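Summary of the model geometry
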Amino acid sequence: MAEKRIFCEHCLDDVAYHIENRELTRKLKGKNYTFGLMHAQEKSATASQNVYAPFTVDELQNLNYDYFALGHIHAPQQISCDTIRYSGSLMRYSFDEVLQQKSIVDVTIVDKKVSFKLVALKTKQNLIKFSGSFDEIMNLEDNHHDFIAVELLDTMIVPNAIDYLRTKFTNVLQITYPNLISQQIKNNTKADQGFEKLSSLELFAQFYQKIKGVPIDDKSKAIITKIMKGEDDHVA
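Remember, predicted model here, so these are calculated numbers, not experimental data. (Residues numbered from 1 in each chain as written. Predicted model: local features only at pLDDT ≥ 70, side-chain atom pairs only at ≥ 80, totals over all residues. Heavy atoms only, no water.)

Attention now moves to the sheet that holds strand β2 (residues 35–39). A sheet is described by the order of its strands in space; here four strands give the open sequence β2-β5-β7-β6, paired in mixed fashion. What marks the edges here is a single partner per strand, and that holds for β2 and β6 (77–79). On average, adjacent strands in this sheet sit at an angle of 35° to one another, irrespective of strand direction. (Pairing = 2+ DSSP bridges. Helix = DSSP H or I, 4+ residues; strand = E, 2+ residues; numbered from the N terminus. Axes fitted to C-alpha atoms, helices over the stretch in contact; angles between N-to-C directions.)

Next up, the structure:
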């Protein structure tokens, strides 16, 4: 059996790769193993612009290296074949990565045949994202250790939400209101076609629903009706 060598691919974002005359040197496969370490991003037809250190798979394969360990993309993944892989970052660096399982790649080459396994990593502090209404989030178990992002699904901003949340989750770093954002994108204050035929109350009800995202209730409608008719100057 040929000599067995193991190469553990850790975070490669800061590892320089060998350059000769500004190009990677082509190596002929012999008794030795050749590894490429590169911080770069694959070219694609849809992302031809703003790609960091672009390359193509064919360019790497034509170099005839035994294994390419890539850095730049935080999610671990292979590129077209097992011998060209991104290790991914060792930690979650943003809440967009909360679902990513961080790992290192344990690579073994025997007789020029490559195999690998992902070794999962567990950090002391995690990034966690909670999603739900304010009341639902406040009923969750306390967490004073991990870093927390909260998606509040309420249709109105909750006053002082961050202060209340930090009584249960000390390290709340982010609060978002995805429903409010989607309403702002979908809704606008422009009246629908045919608004000229609507009564003042109907026009107000249409405006209310566009802004609030829900129909006006009967009690509020009655108050608005009184105000419009001038029946009660002290209403509301």
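Moving on, there is more to tell.
A full pass over the atoms with the stated rule returns one salt bridge. Its salt-bridge partner being Asp 142, residue Lys 168 comes within 2.6 Å of it at the nearest N-O pair. Placement of Lys 168 in the loop between α3 (161–165) and β12 (172–176) and of Asp 142 in the loop between α2 (134–138) and β11 (147–152) is noted, with a sequence separation of 26 residues between them. Judged by its relative accessible area of 11%, Lys 168 is buried. (Salt bridge = Lys/Arg side-chain N within 4 Å of Asp/Glu carboxyl O. Buried < 20%, exposed > 50% of the residue type's maximum accessible area, 1.4 Å probe, protein only.)

Turning our attention to the environment of Asp 142. Owing to a relative accessible area of 42%, Asp 142 belongs among the partly exposed residues under this scheme. Spatially, the C-alpha atom of Asp 142 lies 4.8 Å from that of Lys 168, the residues being 26 residues apart in sequence. The contacts of Asp 142, once residues within four sequence positions are left out, are Lys 168 and Phe 169. At 2.6 Å, the side chain of Asp 142 and the side chain of Lys 168 are in polar contact. (Contact = heavy atoms within 4.5 Å. Polar contact = N/O pair within 3.5 Å; in protein donor to acceptor, adjacent residues only side chain to side chain.)

Right, let's talk about the packing of aromatic side chains for a bit. As enumerated under the stated definition, the model contains three aromatic pairs in all. With a centroid separation of 5.0 Å and 5° between ring planes, the pair formed by Tyr 65 and Phe 68 is classed as stacked. Taking 6.2 Å as the distance between ring centres and 75° as the angle between the ring planes, the aromatic pair formed by Phe 134 and Tyr 164 counts as edge-to-face. Of the two residues, Phe 134 is situated in helix α2 and Tyr 164 in helix α3; the sequence distance between them amounts to 30 residues. With a relative accessible area of 46%, Tyr 164 lands in the partly exposed category. The positively charged end of Arg 85 is found above the aromatic ring belonging to Phe 116, 4.2 Å away from the centroid. (Phe/Tyr/Trp six-rings, centres within 6.5 Å; stacked < 30°, edge-to-face > 60°. Lys NZ or Arg CZ within 6 Å of the ring centre and 35° of its normal.)

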